[in-house]
Amino acid sequence: EVQLVESGGGLVQAGGSLRLSCAHSGFSFDEYAIGWFRQAPGKEREGVSSISSTDGTTYYTDSVKGRFTISSSDAQNTVYLQMNNLKPEDTAVYYCAATYLPAYYSGSYYAKGLPHLSYEYDYWGQGTRVTVSS
């Protein structure tokens, strides 16, 4: 079974940097996507970034473009989210999630690009808290 473990969260000052890690295991197929989501108090969970295992295609939500970078290390079985120039509004619990791409594309007539919505993902980590202070 797919397992995801996040780490790297913490308390940082605005303008600082933080790198989150998502260690993964148990994939039965090679074609999958891993995404980062975040949820702040009183707000809905939103997709932050995602990456494809097939060709490295990435997705970023507009608010983090130019500041966050998602990457994957095959040797380490880990996906990273490098977060630079952090802002107080980035404060949230960050979750790592995974889904199989063939099922995603074949199961939805409207599916295109990389999945970036919560309901499109099947497996979830426990979350890691990020707090950005002024």
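A brief report on the enclosed structure follows. (Residues numbered from 1 in each chain as written. Predicted model: local features only at pLDDT ≥ 70, side-chain atom pairs only at ≥ 80, totals over all residues. Heavy atoms only, no water.)

Section: the overall build of the protein
Okay, so step 1: Each helix and strand counted, the protein has one helix and eleven strands in total.
Okay, so step 2: Secondary structure elements in the protein, listed N-terminal to C-terminal, are β-β-β-β-β-β-β-β-β-α-β-β.
Okay, so step 3: The globule rule puts the C-alpha radius of gyration for 134 residues at 14 Å, and the 14 Å found for the protein is close to it.
Okay, so step 4: For the protein, the spread of C-alpha atoms along the principal axes amounts to about 45 × 30 × 25 Å. (Helix = DSSP H or I, 4+ residues; strand = E, 2+ residues; numbered from the N terminus. Rg over C-alpha atoms; globule rule 2.2 N^0.38 Å.)

Let's talk about the state of the cysteines
Okay, so step 1: The tally for this structure, following the rule as stated, stands at one disulfide.
Okay, so step 2: Paired through a disulfide, Cys22 and Cys96 show a sulfur-sulfur distance of 1.9 Å. Between Cys22 and Cys96, the S-S dihedral sits near -70°, and the bridge is therefore left-handed. Within this pair, whereas Cys22 is found in strand β3 (residues 18-25), its partner Cys96 is found in strand β9 (residues 92-100), the two being separated by 74 residues in sequence. Each of the two residues, Cys22 as well as Cys96, counts as buried. (Disulfide = S-S within 2.5 Å. Buried < 20%, exposed > 50% of the residue type's maximum accessible area, 1.4 Å probe, protein only.)

Some details on the environment of Thr57
Okay, so step 1: Relative to the helices and strands, Thr57 resides in the loop between β5 (46-52) and β6 (58-60).
Okay, so step 2: The exposure class of Thr57 is partly exposed, given its relative accessible area of 37%.
Okay, so step 3: Distance in space between the C-alpha atoms of Thr57 and Met83 is 18 Å, their sequence separation being 26 residues.
Okay, so step 4: Here Asp55 takes part through its side chain, which lies 2.7 Å from a polar atom of the side chain of Thr57. (Polar contact = N/O pair within 3.5 Å; in protein donor to acceptor, adjacent residues only side chain to side chain.)

Re the side chain of Ser21
Okay, so step 1: Here Ser21 is to be found in strand β3.
Okay, so step 2: A relative accessible area of 14% places Ser21 in the buried class.

These values are about where atoms sit, not about what they do.
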